[in-house]
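Residue-level listing of the chains:
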Amino acid sequence: RMAAAPPSYCFVSFPPCSKDGLVVFGKNSARPRDEVQEVVYFAAATHDAGSKVECTYIEIEQVPKTHAVVLSRPSWLWGAEMGANEHGVCVANEAIVTREPASESEALLGMDLVRLGLERGATAKEALDVIVALLEEHGQGGNYYEDGSSCHAFQSAFLIVDRSEAWVLETSGKYWAAEKITEGVKCICNQLSLTTKIDAEHPELRSYVRSQGWWNGDTDFNFSEVLSLADDHLACCSGRESLEKQSGDVSAQTMIDVLRDKDSGVCVDSESFLTTASIVSVLPQDSSFPCVHYFTGTPDPSRSIFKPFIFVDDVKLVPKVQSPSFGDDDPAKKIPRFQEKPDRRHELYKAHEWARSLLESDQDKGQKLMRIMLDLEKQGLEAMEDILTRTEILDPAEVVDLFYDCVDTELKFFK
């Protein structure tokens, strides 16, 4: 029995579709409804030779230097659903199902590979190389959910973006193919999307699928057709049309609007799944301008606000969007895993629960609160637009508390 993969959506838009020479990236993370996502920052670091890094399920070799990263992640695991690094690289992943059964034995999760790519890659292509090398060495596998009663294993697809290009990377076991994108709008969701335009691939990919009897070598090699279980691999991406309609004008706000859209299915709110967190990143092609990354840190972007983060030295940490830490006592770290579920809610998550009950019980008050919140978000977006259009260089002191202050202000409104 193959469980359906949660229908997350990732997008990227390049100039001239997006405005002012900006690359715009966005993702909704669809996950089990009650899962908490936190937003965490890790500074750049150097590591001793021979040191190891403990990922969600396995330990691997650490590298001498890791880049600073900001991540949105299910708070029980080590990796991330999506995030960015100090060099303007953004990575998001999708759980997918292919003809190759996903491995339940514990290895690297797709989410671990997101974080590893960001920590080790200073460009989109470097992050891709990191991910496929680790896939080759350690494989992917293990439970995607904090669920002690059954294992939900998937293959992974990734959208890897920097200021000049994006790569769509799709994997099946250790085999993979990738397409480079430098223009237009691209969307990936929870199924294979690569067809015959493949710009890089596992050296044994074609011989492997032939040995499995999935391709006879007589036709054009079409990755999705060869590796998909069903012929559902083209009907993806309801949000892409909305972005293409805005061609020439795609901005952070456009991307946010697409991620908030429930009618299109991009904003998932179903019996089993919910958009538990969202990200939008704006990467100016001119590297003298900073990249801006907006995170919600809370479920359902249609009632959350996107708060800006900019990488600077000594950026202020934001404990109010971080889940409590249980250290070695965490049921996710003990074998057998997930025997109980601790309360992982952070302060902002709890405030949102209160706001949601208000929205449901007193519509007038709830809508008034929502209007105030959206106004707050708009102020943030306008301040960032100012930073991205001014001529003088950004003073880091101006944004060192940026994300902290936005979360703080949001919490004050809920009080």
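Quick caveat: nothing in here was measured; it's all calculated off a predicted structure.

Peer 1: I tried to follow the pairing of strand β11 (residues 155-161) on my own but got confused; where do I start?
Peer 2: Looking along a regular strand, one sees the side chains alternate between the two faces of the sheet. Burial of β11 is extensive: 7 of the 7 residues sit out of reach of the surface. Judged by which residues are buried, β11 turns out to be covered on both faces: Gln155, Ala157, Leu159 and Val161 on one side and Ser156, Phe158 and Ile160 on the other are all buried. Where β11 lies against strand β12 (residues 166-172), 5 bridges are found, and the strand directions are antiparallel. In the strand pairing of β12, Ile160 is matched with Trp167. Linking β11 to β12, which pair antiparallel, is a turn of 4 residues.

Peer 1: Looking at this structure, I do not really get the layout of surface pockets. What am I missing?
Peer 2: The volume enclosed by the largest pocket comes to roughly 480 Å³. Among the elements that take part in the lining of the largest pocket, strand β3 (residues 37-42) stands out by supplying 3 residues, more than any other. Per-class residue counts for the lining of the largest pocket are 10 nonpolar, 6 polar and 8 charged. Put simply, the second largest pocket is a space of about 330 Å³.

Peer 1: Looking at this structure, how should I read the nonpolar core?
Peer 2: In summary, soluble globular proteins display a tendency toward joint burial of nonpolar side chains. Grouped together as the largest cluster of nonpolar side chains are 91 residues, with contacts concentrated most on Phe11, Leu159, Val161, Val209, Phe223, Val280 and Tyr294. Sorting elements by how many residues they give to this core places helix α8 (residues 363-389) first, with 8 residues. Apart from the residues within four sequence positions on either side, Tyr294 is in contact with Ala252, Ser278, Ile279, Val280, Val282, Phe306, Lys307, Pro308, Leu381 and Met384.

Peer 1: It is not clear to me how the pattern of salt bridges should be interpreted in this structure. Could you clarify?
Peer 2: Where charged atoms of side chains with opposite charge meet at close range, the side chains can pair. Scanning all chains against the criterion turns up 31 salt bridges. When the shortest N-O distance is used, the salt bridge between Arg31 and Glu35 registers 2.6 Å. Relative accessible area serves as the criterion here: at 1%, Arg31 is assigned to the buried category. Given a relative accessible area of 7%, Glu35 falls into the buried group. Where salt bridges share partners, they join Arg33, Lys262, Asp269, Asp300 and Arg303 into one cluster.

Peer 1: Even after reading the chapter, I still don't get a negative patch on the surface, so can you show me in this structure?
Peer 2: Among the surface-exposed residues, Glu54, Glu59, Asp328 and Asp329 lie close enough to one another that they form a single negatively charged patch. One can find Glu54 in strand β5 (residues 52-54).

Peer 1: Is there a simple way to think about the pairing of β3 in this case?
Peer 2: Among the 6 residues that make up β3, 5 are buried, leaving the element largely enclosed by the rest of the structure. Where β3 lies against strand β8 (residues 69-74), 6 bridges are found, and the strand directions are antiparallel. By the bridge assignment for β8, Val40 is matched with Leu71.

Peer 1: Would you take a moment to explain the sheet that holds strand β9 (residues 82-85) for this structure?
Peer 2: Neighbouring strands of a sheet are bound in pairs by backbone hydrogen bonds; such pairs are parallel or else antiparallel. Taken in spatial order, the 8 strands make up an open sheet running β3-β8-β9-β10-β11-β12-β13-β15, and their pairing is antiparallel. Taken across any chain shown, the strands that pair with only one partner, and hence form the sheet edges, are β3 and β15 (200-201). Of the strands in this sheet, β3, β8, β9, β10 (90-96) and β11 are in contact with helix α1 (residues 110-120), which crosses β10 at around 165 degrees.

Scoring rules and cut-offs
- Residues numbered from 1 in each chain as written.
- Predicted model: local features only at pLDDT ≥ 70, side-chain atom pairs only at ≥ 80, totals over all residues.
- Heavy atoms only, no water.
- Buried < 20%, exposed > 50% of the residue type's maximum accessible area, 1.4 Å probe, protein only.
- Helix = DSSP H or I, 4+ residues; strand = E, 2+ residues; numbered from the N terminus.
- Pairing = 2+ DSSP bridges.
- 1 Å grid on protein atoms, 1.4 Å probe; cavity = no way out; pocket = protein on both sides within 12 Å on 5 of 7 lines; lining within 4 Å.
- Points joined across faces, edges and corners; volume = space filled by probe spheres on them.
- Nonpolar A, V, L, I, M, F, W, Y, C, P; charged D, E, K, R; others polar.
- Core = buried A, V, L, I, M, F, W, Y, C linked by side-chain atoms within 4.5 Å.
- Contact = heavy atoms within 4.5 Å.
- Salt bridge = Lys/Arg side-chain N within 4 Å of Asp/Glu carboxyl O.
- Patch = residues over 30% accessible without salt bridge, like charges linked within 9 Å, V, L, I, M, F, W, Y side chains within 5 Å.
- Areas by Shrake-Rupley, 256 points an atom, 1.4 Å probe, with all protein chains shown as cover.
- Lys, Arg positive; Asp, Glu negative; His and termini not counted.
- Charge placed at Lys NZ, Arg CZ, Asp CG, Glu CD.
- Axes fitted to C-alpha atoms, helices over the stretch in contact; angles between N-to-C directions.

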